[in-house]
Amino acid sequence: MNKVRVRYAPSPTGLLHIGNARSALFNYIFARHFGGDFIVRIEDTDTSRNVAGGEASQLNYLRWLGLSWDESPDLGGAYGPYRQLERLDLYQKYAQELLDKGLAYKEYRENSDQYAIRFKVPEDTDYVFKDLVRGELKFNSKDVEDWILMKDNGIPTYNFAVVIDDHLMEITHVLRGEEHITNTPKQMMVYQAFGWDIPIFGHMTIIVNEQKKKLSKRDQNVIQFISEYESMGYLPEAMFNFIALLGWSPQTNQEILTQQEIIDQFDPSRLSKAPAMFDKEKLAFINSKYIKQLPIDVLSQKARVFLEKADINIQSDAWLNLLVGIFQDRMTHIGEIVSLYQSFFHQD
């Protein structure tokens, strides 16, 4: 088997949220389990939605979770550049090749010399692939209309750019959310048009809330962003552990696992076909277990930040250690030290 190469390709349009963190984490675990490479690539062509600092924020919180990568915009690598806006000449080159082969055509804007490029979808062709999670999936081209490869502003569409990037970066496996399943036949068309090997796809199930509704960024009942968990005093090791169990289960049925244990035990065949439920109580339980394992002096220094922010007078290091020792077994997140202190010392 060729060396495993997987990628996580976020858009710099905002903060790292649970869904994207899970995609990144599973790709990272997959790469490390099989001794492969984990690549971070930035899909920044939707310039109207890009936010200042979006890329840096994504990378910072991936690092906070404990992920490391082998190639990226910040590290570089042999397959760069790793931002799509720096690869526009590549997309234009391959789009022209499809035009020359008669596999794509220009669609002009009315009364203009500007044009988009559409892919000419083959007639009555089946696209079959074996999904790592779902088994064999099949689509017919009659359900897909000719689709745009390049917009009239020279920017590629997602389904075109992702194939060019994945092929040139020698990506062997594509692990992503199930919302991408319907993109797969379009991408297979491009691979076949160029005569390229198609990577192995795996589509992870959706994450649902406790009411079994798909988790959305507008869901007010679930904290969505990794930055918020850091600011509340959740531990990155606990977050890594919890997110790894969103759609995957170890054979041992353990719930508390180190990063290395998760990597060692990882088996793609144990990726769930059922939606993964975001269980807030389970997260609190896992995080509390990690808090209990911390030495008092380490936990005290983490708790100090929250107490000082709440203007609580820390009388001495010994006093702080005593206080933290009292509450260590009760905390589900370190920021909770403030409310525990206030209720404990509250006087009528």
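Residues numbered from 1 in each chain as written. Predicted model: local features only at pLDDT ≥ 70, side-chain atom pairs only at ≥ 80, totals over all residues. Heavy atoms only, no water.

## A few points about the pairing of strand 8 (residues 173-177)
- Burial runs high along strand 8: five of the five residues are buried.
- Two elements, strand 8 and strand 9 (residues 200-204), share five bridges in a ladder whose sense is parallel. In the strand pairing of strand 9, G177 is matched with M204.
- Handedness of the crossover joining strand 8 and strand 9 through helix 5 (residues 184-194) is recorded here as right-handed. (Buried < 20%, exposed > 50% of the residue type's maximum accessible area, 1.4 Å probe, protein only. Helix = DSSP H or I, 4+ residues; strand = E, 2+ residues; numbered from the N terminus. Pairing = 2+ DSSP bridges. Right-handed = clockwise from strand over helix to strand, strands pointing away.)

## Re a nonpolar patch on the surface
- On the surface, L322, I326, F344 and F345 cluster together into a nonpolar patch covering about 390 Å² of accessible area.
- Structurally, the position occupied by L322 is in helix 11 (residues 317-327). (Patch = residues over 30% accessible without salt bridge, like charges linked within 9 Å, V, L, I, M, F, W, Y side chains within 5 Å. Areas by Shrake-Rupley, 256 points an atom, 1.4 Å probe, with all protein chains shown as cover. Salt bridge = Lys/Arg side-chain N within 4 Å of Asp/Glu carboxyl O.)

## Brief notes about unusual backbone geometry
- Residue G80 is joined to P81 through a cis peptide bond whose omega torsion reads 0°.
- Looking at the secondary structure, you find P81 in the loop between helix 2 (54-65) and helix 3 (88-100).
- Notably, N111 is not glycine yet its phi reads approximately 55°, a positive angle.
- For N111, the location among the structural elements is in the loop between strand 3 (104-108) and strand 4 (115-119).
- Its relative accessible area of 78% is what places N111 among the exposed residues.

## Description of the pattern of salt bridges
- In total, this model carries 21 salt bridges according to the counting rule given.
- For R87, the salt bridge goes to D165, with nearest N and O atoms at 2.7 Å. Of the two residues, R87 sits in the loop between helix 2 and helix 3 while D165 sits in helix 4 (residues 158-168), which places them 78 residues apart along the sequence. We note that R87, like D165, is buried.
- When the shortest N-O distance is used, the salt bridge between D317 and R304 registers 2.6 Å. Here R304 lies in helix 10 (residues 296-309) and D317 lies in helix 11, a separation of 13 residues in the sequence.
- Using a relative accessible area of 18% as the deciding quantity, one classes R304 as buried.

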